[in-house]
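# Tertiary structure, described
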Amino acid sequence: MAASISTSPYPLLTSERSNRFPANDSSSSSRFSSSSSLHLPPQFRCFRLGNNGISAPSRSRILPVVKAKNQTFSSFDDLLANSDKPVFVDFYATWCGPCQFMVPILEKVSATLGDTVQVVKIDTEKYPAIADKYKIEALPTFILFKDGKLLDRFEGALTARDLIQRIEDSLKVKQ
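Residues numbered from 1 in each chain as written. Predicted model: local features only at pLDDT ≥ 70, side-chain atom pairs only at ≥ 80, totals over all residues. Heavy atoms only, no water.

### Brief notes about the confidence of the model for the protein chain
The predicted model of the protein chain has a mean per-residue pLDDT of 73, with 57% of residues at 70 or higher. Predicted confidence for residues 25–37 stays below pLDDT 50, and this span has 27 contacts to residues more than four positions away or in other chains. Low pLDDT, under 50, characterises residues 43–49; the predicted model gives this stretch 20 contacts beyond four residues in sequence or across chains. (pLDDT = per-residue confidence, 0-100. Contact = heavy atoms within 4.5 Å.)

### With respect to helix α3 (residues 97–112)
With 16 residues, α3 should reach 22 Å at 1.5 Å per residue; the first-to-last C-alpha distance of 24 Å fits that figure. Remark: the principal bend of α3, roughly 35°, maps to V103, with a proline, P104, within the next four residues. Where α3 is concerned, the buried positions are C99, M102, V103, I105, L106 and V109. (Helix = DSSP H or I, 4+ residues; strand = E, 2+ residues; numbered from the N terminus. Expected span 1.5 Å × (residues − 1). Bend = angle between axes of the 7 residues up to and from the residue. Buried < 20%, exposed > 50% of the residue type's maximum accessible area, 1.4 Å probe, protein only.)

### A look at the state of the cysteines
Enumeration according to the criterion identifies one disulfide in this entry. Residue pairing for C96: its cysteine sulfur links by disulfide to C99, the two sulfurs lying 2.5 Å apart. Handedness of the C96-C99 disulfide follows from its S-S torsion of about 75°: it is right-handed. (Disulfide = S-S within 2.5 Å.)

### What to know about the pattern of salt bridges
In the structure shown here, the tally under the stated rule is three salt bridges. When the shortest N-O distance is used, the salt bridge between D77 and K133 registers 2.9 Å. In this pair, D77 sits in helix α2 (residues 76–82) while K133 sits in helix α4 (residues 128–133), placing the two residues 56 residues apart along the sequence. You can call K133 partly exposed: its relative accessible area is 46%. D152 is the salt-bridge partner of R166, the closest N and O atoms lying 2.9 Å from each other. (Salt bridge = Lys/Arg side-chain N within 4 Å of Asp/Glu carboxyl O.)

Listed below in structure tokens is the structure:
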């Protein structure tokens, strides 16, 4: 079976009888001939299709170094109640693409607003009770707490500038 990869933005796998050969071509009319057209989105175009299956070219991945301050609290409520500054919480999951996109952005936010807010990440897979308590239904979800109370909540990936502006605006308006 022949396979080809095209650059269509929509994944589509079709298998059909080949009509690409003229009817008088004896090789195509004497036996069943089949072709598949595999249309993949751009992120999958680097894969090669060969006799040994699908393979991807090997390339090194450079991941950002994340400097985190590990702290242990008896409960999330304890963290919120005992924090001397507002707490900005990122509810995420390891399998969430937009959540991974936010890692370097949260590093910038933490560096910029380090004196103003404490940035905390909570894995919703490891702490489902906390995610349920705050009704986390989309990822990433960000919640800003001040004095143990919810101050602002929003969902989705943002740029560092937009995220910093949102936090600063929330702190100014609700003080």
